[in-house]
Amino acid sequence: MTYSYLFKYIIIGDTGVGKSCLLLQFTDKRFQPVHDLTIGVEFGARMVNIDGKQIKLQIWDTAGQESFRSITRSYYRGAAGALLVYDITRRETFNHLTSWLEDARQHSSSNMVIMLIGNKSDLESRRDVKREEGEAFAREHGLIFMETSAKTACNVEEAFINTAKEIYRKIQQGLFDVHNEANGIKIGPQQSISTSAGPGACQRNIRDTGSDSGCC
Amino acid sequence: MVPALFFFRGISLRVHQRAGRWDDGRQEPKSAFRAVGEMGSSGLAGCSVVPACAPEGPGWLQRHLLSGEFDQLRNFTIFESNFVQVTRFGEVANKVTMGVAASSPALELPDLLLLAGPTKEDGCPQLLGLFPLQFVQLFIHDESRQQLKVKFCTGRAFYLQLRAPAETRALEFSKWVRLLYRLRFHGQGAVPFTQEEWGDEDWDEETDLEDQERDWRDQLQAREARLDPQTSELWGL
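Quick summary incoming for the structure in this document. Owing to the predicted nature of the structure, the values given are computational and were not obtained by experimental measurement.

## Regarding the overall build of chain B
Across its full length, chain B holds four helices and nine strands. Helices and strands in chain B line up, N terminus first, as β-β-α-α-β-β-β-β-β-β-β-α-α. The 237 residues of chain B split such that 50% are buried. For chain B, the share of sequence-separated contacts (at least 6 apart) that also reach a separation of at least 24 residues comes to 55%. Of the accessible surface of chain B, which amounts to about 10,800 Å², a share of 50% is contributed by carbon and sulfur atoms.

Quick look at the structure:
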């Protein structure tokens, strides 16, 4: 299938926060409660429609375990978007965000869009990190923020798609050089820059989903 | 230290291979990977490389990566074959292409395992996973049926049966056997072996390595007691 752009995403965060489950929910629309530890990278892909343009999301689901951390860093390069995930029921996964963020900033493009995700929002009774804390962290570090549940699919679509919208917005503003592969963006096959969005292109009518369904 | 994973840019000459056979029809994985390692900084020194447009052309996985969606992986030299995933008892499941690659020309041996398969929707190639070989063990599961066992350090394991034309299948499988031998015994001063010997060796080795793997898994579980590894639903293996 043709597409206007391909965006490379990485999913990072502590082990057990639900990175692979988020990907599975997004690509296959299903939830698997028990998942194998990820080693290396597992890939997922899905087409989304942003402002009438088909965009292919190529998603790199990385290992969260500390033992694989040095290897995970090598996958950051050339990512246009990152989903930085913590578990709202485990305070330590929130405390480690700074370390993950440092890695992401150090090993990827400065323009990379980072979506902070507080996952497992269905487990409200076990909540250990307030939503406001996630919002404050995101505000402080210039991230987008959402709480999601890979189990109920709440906000999962929105998290991936809103990240794509922000990348697309940056392309329109000329902040991303789409010809520089290091930015994690590729123009689709048989697409010329004239048919793709660029600086000055219409910035309205971004559709597909709202900014937050409010289900979490 | 950041691994050299994405720093291999291949230069203008590539070693290409199709379905487990190196382009010149003579080289085995051992020498081919050595050729990669011997490129050195000039990319030419003492290596037996062939142009990318060699008659046999690249394999299915290599062609997929060359299509350009995976920039960082585009210029990897891949030794690959097509398989079907089978159960331990040989029942057929999914089509899988498995390859190994050296992420750097400085490496004497491959350090990455790649798995790919057709998409459910249209059968187009899809890269499923990229795994450092240091966390994967490969075994000969059933030599007579040309079956390999792939085992991750997390305990996940699956079986792959070579899918190739009857006239080339044995040769192709023997290249995997040679590769596994190289991966297993590299640097240990082991002498060359025959495939008949491998059968016994494999069993012993597998037992030993299963012990190692158990230790590995114990360590992982001690750290991550919450998680109970099962199959990866992401790619159905």
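## What to know about the pattern of salt bridges
Throughout the structure, instances matching the rule amount to 19 salt bridges over all chains. In this structure, D71 of chain B and K186 of chain A form a salt bridge, with 3.4 Å as the shortest nitrogen-oxygen distance. In this pair, D71 of chain B sits in the loop between α2 (60–66) and β3 (77–86) while K186 of chain A sits in strand β7 (residues 185–187), so the two residues belong to two different chains. Classification of K186 of chain A as buried rests on a relative accessible area of 17%. With a shortest N-O distance of 3.6 Å, R182 of chain B and E108 of chain B are connected by a salt bridge. Taken together, the residues span a long stretch of sequence, with R182 of chain B in helix α3 (residues 166–185) and E108 of chain B in the loop between β4 (92–102) and β5 (112–118) at a distance of 74 residues. Via salt bridges that share partners, E124, R127, R131, E135 and E147 of chain A belong to a single interconnected network.

## Some remarks on the pairing of β3 of chain B
Residues and elements named next belong to chain B. The buried fraction of β3 amounts to nine of the ten residues, a majority that puts the element mostly inside the structure. Sheet topology note: the β3/β4 ladder contains nine bridges and is antiparallel. Residue pairing in the sheet places V86 in a bridge with V92 of β4. The hairpin formed by β3 and β4 contains five residues between the paired strands, and G90 there has a positive phi angle of roughly 95°.

## Let's talk about the nonpolar core
The nonpolar side chains of soluble globular proteins are, as a tendency, buried together. L116 of chain A together with M98, L127, V150 and W176 of chain B are the most contacted members of the largest nonpolar core, which has 67 residues in total. Aside from chain neighbours lying at most four places away, what touches L116 of chain A is L84, Y86, L97, G134, F137, A138, L143, I144, F145 and M146 of chain A. Counting residues in hydrophobic clusters, the runner-up holds 34 residues, among them Y9, V17, I55 and I59 of chain A.

## Let's talk about the packing of aromatic side chains
A complete count under the given rule lists 15 aromatic pairs over all chains for this structure. Look at F26 of chain A and F160 of chain A: their rings are 4.0 Å apart centre to centre, the planes differ by 5°, and that puts the pair in the stacked class. With F26 of chain A in helix α1 (residues 19–28) and F160 of chain A in helix α6 (residues 156–172), the pair connects residues that are 134 residues apart, well separated along the chain. A relative accessible area of 0% places F26 of chain A in the buried class. Considering the side-chain rings of F131 of chain B and F152 of chain B, the 4.8 Å spacing of their centres and the 70° angle between planes classify their relative orientation as edge-to-face. Of the two residues, F131 of chain B sits in strand β6 (residues 125–132) while F152 of chain B sits in strand β8 (residues 147–152), which places them 21 residues apart along the sequence. Side by side, F131 of chain B and F152 of chain B carry an identical accessibility label, which is buried. Against the face of W60 of chain A rests K8 of chain A, its NZ or CZ located 3.7 Å from the ring centre.

Conventions used here
Residues numbered from 1 in each chain as written. Chains lettered and ligands numbered in written order. Predicted model: local features only at pLDDT ≥ 70, side-chain atom pairs only at ≥ 80, totals over all residues. Heavy atoms only, no water. Helix = DSSP H or I, 4+ residues; strand = E, 2+ residues; numbered from the N terminus. Buried < 20%, exposed > 50% of the residue type's maximum accessible area, 1.4 Å probe, protein only. Contact = heavy atoms within 4.5 Å. Areas by Shrake-Rupley, 256 points an atom, 1.4 Å probe, with all protein chains shown as cover. Salt bridge = Lys/Arg side-chain N within 4 Å of Asp/Glu carboxyl O. Pairing = 2+ DSSP bridges. Core = buried A, V, L, I, M, F, W, Y, C linked by side-chain atoms within 4.5 Å. Phe/Tyr/Trp six-rings, centres within 6.5 Å; stacked < 30°, edge-to-face > 60°. Lys NZ or Arg CZ within 6 Å of the ring centre and 35° of its normal.

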